[in-house]
Amino acid sequence: MKMNTRIISHEFDYHAPDTIREVLEMLDQHGSDAKIIAGGTDLITQMKMGKRTPSHVVDIRKLKDLRYYVEGAVIKIGAGNNFRSVMEHFANNVPCRGLYEAIYSIGKTQVLNMGTIGGNLSNGSPKADTAPPLLTYNARVKLLSLKSERLIDLKDLHVGYNKTVMEENEIMTEIQFDALPKNTAGAFEKKARVGSDISKITCAVTVTRDNDVCRNCNIALGAAAPVPMRAPVAESIMKGRPFSDQLLEDTALQVGREINPPAYGRTSVEYRREMVAVMFKDGFKRAWEQAGGDK
Amino acid sequence: MKKQTLNLNINGEDFELRIFPNELLVNVVRETVGLTGTKYACGTGQCGACTVLVDDEPVLGCMTLAVSAAGSKITTIEGIAEPDGKLDPLQDAFLKTNAIQCGFCTPGMILVGKDLLKKNTNPTENEIRHHIKGNLCRCTGYNGIVRAIKKCRDDMAERNL
């Protein structure tokens, strides 16, 4: 693969429109020749590698209309918020602890300033760290084009390795999910080669507890399959049952069985299967503790 | 592809530059403007050597289109000392604790370290190590770097007492 990391060798025109409407018009006009840039941490690398060669780069980083939060029965996050902002917003939110920990795990100060939550999801990578926690919240994403607006489940966004259902003329404007029930807490576990590297395997858990009964145990995995995934069979083992160590072991084993990792990438299939079970247990225990129950 | 005019304020000085849209901020700072304190190393956003502050926040110069920084205030390692040459307290702490081996990662480390001390005046060792996670030191001189940031933290606390 062509790789010159010093420069971007192909030529393009740069646009930085002031409104979302102008962005959409530009995408409509240029189709597959145009590419959105927000933080640039994915796109610039792809352009350096020659994987993407758009002739028009449309910068949405300065669009204030994509940077907002709405609290209430439905929690809404503007897709243009950068990682740091989302992390700070959810810093003291116990139910959404998984999302906070996922962004914290990205670690790199500079990338937290640059990368956006919308970019992380619409890039389409199965390793996107914000995807697993949001999947456990049954999140939805809003996709906007000049002619249509649609709200789709996040679980339907990714359709293959680095592939999403997004059309060339669409941008992601919002991520939203229903406010989580009380006695809910979450956790995010990640393994990477070094502190700030891209994930080898990740696991998000969001638990709702009713004293000693596990009302809900939503589990999602990253870098575990061609797309970020939930583990419905493992979830059903735990759901509605009183907690026991044996139940946790059984669920963890099933999580390991349920993933479908590729036989290439940053680590082996066997490593991912073994590790994800341990990571699930660690994450679950922390979330369970935090969820507290009606005491 | 046509050259565009780019207005940047770098270290307090205004520049009007003519650059191509595909030029990266690190190259513009180093080659067009001539401030070579900012380093180019991995080029893929892994090492942090190219760190500059854009509107006071650390970003990676090798992953930023220079045109996207239009109208922003850029601070590089050359811009953090006082105009009379008096070093920034963190630069001073790096010198006093011998936190520099080959020196290639130092500009990035100092800018990120300053960012931490601005946001958190009393960081723990773990918080320091977490904040500099995106900056690699190939000499593996992390202990010295952490020591320097701690010293700067303690010096600042002492002065405020």
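Residues numbered from 1 in each chain as written. Chains lettered and ligands numbered in written order. Predicted model: local features only at pLDDT ≥ 70, side-chain atom pairs only at ≥ 80, totals over all residues.

## Focus on the overall build of chain A
Next up, step 1: If you tally the helices and strands in chain A, you get ten helices and 15 strands.
Next up, step 2: Scaling as 2.2 N^0.38, a compact globule of 295 residues should have a C-alpha radius of gyration of about 19 Å, and chain A matches this with 19 Å.
Next up, step 3: Here the C-alpha coordinates of chain A stretch approximately 60 × 40 × 30 Å along the principal axes.
Next up, step 4: Taken over 295 residues, chain A has a buried fraction of 49%. (Helix = DSSP H or I, 4+ residues; strand = E, 2+ residues; numbered from the N terminus. Rg over C-alpha atoms; globule rule 2.2 N^0.38 Å. Buried ≥ 20, exposed ≤ 12 C-beta atoms within 10 Å, placed from the backbone.)

## Digging into the packing of helix 2 (residues 89-96) of chain B against helix 5 (residues 142-160) of chain B
Residues and elements named next belong to chain B.
Next up, step 1: Across the interface, helix 2 lies against helix 5 with an axial gap of 8 Å and an inter-helix angle of 125°. With respect to each other, helix 2 and helix 5 are oriented oblique. Like other packed secondary-structure pairs, helix 2 and helix 5 cross with a definite hand, here right-handed. Where helix 2 approaches helix 5, its residues Pro 89, Leu 90, Ala 93, Phe 94 and Lys 96 are matched on the opposing element by Ala 148, Lys 151, Cys 152, Asp 155 and Met 156. (Axes fitted to C-alpha atoms, helices over the stretch in contact; angles between N-to-C directions. Parallel < 35°, antiparallel > 145°, perpendicular 65-115°, else oblique. Left-handed = near helix turned anticlockwise from the far one by under 90°. Contact = placed C-beta atoms within 7 Å.)

## Comments concerning the environment of Ile37(A)
Next up, step 1: When you line up the elements, Ile37(A) lands in strand 2 (residues 34-37).
Next up, step 2: For the pair Ile37(A) and Tyr14(A), spaced 23 residues apart in sequence, the C-alpha to C-alpha distance is 9.9 Å.

## Topic: the interface of chain A and chain B
Next up, step 1: The interface is formed by 24 residues belonging to chain A together with 27 residues belonging to chain B.
Next up, step 2: At the level of elements, strand 1 (13-15), helix 2 (43-48) and helix 5 (109-114) of chain A are the ones that each hand at least two residues to the side of chain A that touches chain B.
Next up, step 3: The leading source of residues in the side of chain A that touches chain B is helix 5 of chain A, at five residues.
Next up, step 4: Looking at the side of chain A that touches chain B residue by residue, the classes come out as seven nonpolar, ten polar and seven charged. (Nonpolar A, V, L, I, M, F, W, Y, C, P; charged D, E, K, R; others polar.)

## Overview of the packing of helix 3 (residues 106-119) of chain B against helix 5 of chain B
All names here are of chain B.
Next up, step 1: Contact pair helix 3 / helix 5: the axes reach a minimum separation of 11 Å and the direction vectors enclose 40°. Accordingly, the angle class assigned to the pair helix 3 and helix 5 is oblique. For the pair helix 3 and helix 5, the sense of crossing is right-handed. Two secondary-structure elements touch here, helix 3 through Met 109, Gly 113, Leu 116 and Leu 117 and helix 5 through Ile 145, Ile 149, Cys 152, Arg 153 and Met 156.
Next up, step 2: Its residues placed into classes, the contact of helix 3 with helix 5 shows seven nonpolar, one polar and one charged.

## A short note on the pairing of strand 1 (residues 4-10) of chain B
Residue and element names in this part refer to chain B.
Next up, step 1: In terms of strand pairing, strand 1 meets strand 2 (residues 13-19) through seven bridges, oriented antiparallel. Bridging across to strand 2, Thr 5 finds its partner in Arg 18.
Next up, step 2: Bridge analysis of strand 1 against strand 5 (residues 73-75) gives two bridges, and the strand direction is parallel. Across the sheet, residue Ile 10 finds its bridge partner in strand 5, namely Ile 74. (Pairing = 2+ DSSP bridges.)

## Considerations on the domain arrangement of chain B
All names here are of chain B.
Next up, step 1: According to the domain assignment, chain B contains domain 1 (4-79) and domain 2 (89-160).
Next up, step 2: Computed over C-alpha atoms only, the centres of domain 1 and domain 2 are separated by 22 Å.
Next up, step 3: The interface is formed by eleven residues belonging to domain 1 together with eleven residues belonging to domain 2.
Next up, step 4: Counted by class, the side of domain 1 that touches domain 2 contains six nonpolar, four polar and one charged residues. (Domains from an automatic or database assignment.)

## Section: the sheet that holds strand 1 of chain B
All names here are of chain B.
Next up, step 1: Read across the open sheet, the five strands follow the order 2-1-5-3-4; overall the sheet is mixed. Taken across any chain shown, the strands that pair with only one partner, and hence form the sheet edges, are strand 2 and strand 4 (57-60). Going across the sheet, the axis of each strand differs from the next one's by a mean of 40°, ignoring polarity.
Next up, step 2: The pairing of strand 3 (residues 51-54) with strand 4 spans four bridges and is classified as antiparallel.

## What to know about the sheet that holds strand 4 (residues 69-70) of chain A
Next up, step 1: Across the sheet, five strands lie side by side as 4-5-10-6-7 (chain A); this open sheet has antiparallel pairing. A single partner strand is all that each edge strand has here, and the edge strands are strand 4 and strand 7 (149-153) of chain A.

## Structural notes on helix 4 (residues 97-106) of chain A
Residue and element names in this part refer to chain A.
Next up, step 1: Most of helix 4 is tucked away, with eight of its ten residues classed as buried.
Next up, step 2: All of the buried residues along helix 4 are Arg 97, Gly 98, Leu 99, Tyr 100, Glu 101, Ala 102, Ile 103 and Ile 106.
Next up, step 3: For helix 4, the secondary structure elements touched by its buried residues are helix 3 (83-89), helix 5, helix 7 (131-136), strand 11 (184-192), strand 12 (199-210) and helix 10 (269-291).
Next up, step 4: Phi turns positive one or two residues past the end of helix 4, at Gly 107, with a value near 80°.

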